[in-house]
Amino acid sequence: MQSLTNTSTRYGWAMIVLHWLIGVVFIGQFVLGVVMVRTTSQRTSFELIQLHKSFGFLLLGLIILRIAWRLGNAAPALPASVGTLERRSAPLAHFALYAFQIALPLSGWALVSVSTLEIPTMPFDLFVMPNLPLAESDASESFWASAHWYLAYAGIGLVALHIAAALRHHFLLRDSVLTRMITPSSDRE
């Protein structure tokens, strides 16, 4: 039977589902962000921005849940074939991914909080999300818009490196680094 929790060699269902869900939402958010700022229709742009904000809050919740789950479930050990440099850099790379996945939605939340337009944020039209307690100003809005933009591109760069590393492990090194994030652990492990 497949396990919800991690074992010493594989990730459990909980971490696998969170990993892939966060990955899809994160990449989707980047694509949506690029499309929404290039749309010429104001109505469509407004709707896409609201959708982008909704998925941003979802991403923030999912990454917090993933970090909490990770703190309670040790990650499987890397295969013996993984070298010393990779063993040392892997935790730093994962920390950077977590940091960007938290900083990016927070910078977006700060951006809408300081906006002088005062457009309410309604995640998936369910409720009004309160703004962060930040002063509204054009200068603050410009700062947070730039921060959000730079974080988005740096974050997608990290994701691209993460994908490249996983593919390298799977196709070149032929180890279990990628497959353990696809096939869950079992209760027998």
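Residues numbered from 1 in each chain as written. Predicted model: local features only at pLDDT ≥ 70, side-chain atom pairs only at ≥ 80, totals over all residues. Heavy atoms only, no water.

1. Section: the packing of helix α1 (residues 13-38) against helix α2 (residues 42-72)
Okay, so step 1: α2 packs onto α1 with a crossing angle of 155 degrees between their chain directions and a minimal axis gap of 9 Å. The orientation of α1 relative to α2 falls into the category roughly antiparallel. The interaxial crossing formed by α1 with α2 has left-handed handedness.
Okay, so step 2: Split into classes, the residues belonging to the contact of α1 with α2 amount to 19 nonpolar, 6 polar and 2 charged. (Axes fitted to C-alpha atoms, helices over the stretch in contact; angles between N-to-C directions. Helix = DSSP H or I, 4+ residues; strand = E, 2+ residues; numbered from the N terminus. Parallel < 35°, antiparallel > 145°, perpendicular 65-115°, else oblique. Left-handed = near helix turned anticlockwise from the far one by under 90°. Nonpolar A, V, L, I, M, F, W, Y, C, P; charged D, E, K, R; others polar.)

2. Looking at helix α3 (residues 84-114)
Okay, so step 1: The end-to-end C-alpha distance of α3, which contains 31 residues, comes to 45 Å, matching closely the 45 Å that a straight helix rising 1.5 Å per residue would cover.
Okay, so step 2: Largest kink in α3: about 25 degrees, centred on Ala90, with the proline Pro91 one to four residues after it. (Expected span 1.5 Å × (residues − 1). Bend = angle between axes of the 7 residues up to and from the residue.)

3. Quick word on a nonpolar patch on the surface
Okay, so step 1: Nonpolar side chains collect at one region of the surface, where Ile27, Val31, Val35, Ile163, Leu167, Phe171, Leu172 and Leu173 lie side by side and expose about 720 Å² of accessible area between them.
Okay, so step 2: When contributions to the nonpolar patch are tallied by element, the ones reaching two or more residues are α1 and α4 (138-173).
Okay, so step 3: The leading source of residues in the nonpolar patch is α4, at 5 residues.
Okay, so step 4: Within the secondary structure, Ile27 is located in helix α1. (Patch = residues over 30% accessible without salt bridge, like charges linked within 9 Å, V, L, I, M, F, W, Y side chains within 5 Å. Areas by Shrake-Rupley, 256 points an atom, 1.4 Å probe, with all protein chains shown as cover. Salt bridge = Lys/Arg side-chain N within 4 Å of Asp/Glu carboxyl O.)

4. Some thoughts on the packing of aromatic side chains
Okay, so step 1: In this structure the tally under the stated criterion is 6 aromatic pairs.
Okay, so step 2: Judged by centre distance (5.1 Å) and plane angle (85 degrees), the rings of Phe55 and Phe124 are edge-to-face. Of this pair, Phe55 sits in helix α2 while Phe124 sits in the loop between α3 and α4; the two residues are 69 residues apart in sequence, bridging distant segments of the chain.
Okay, so step 3: A ring pair is formed by Trp149 and Tyr150, whose centres lie 4.9 Å apart and whose planes are at 85 degrees; its orientation type is edge-to-face.
Okay, so step 4: Residue Trp149 is classed as partly exposed on the basis of its relative accessible area of 48%. (Phe/Tyr/Trp six-rings, centres within 6.5 Å; stacked < 30°, edge-to-face > 60°. Buried < 20%, exposed > 50% of the residue type's maximum accessible area, 1.4 Å probe, protein only.)

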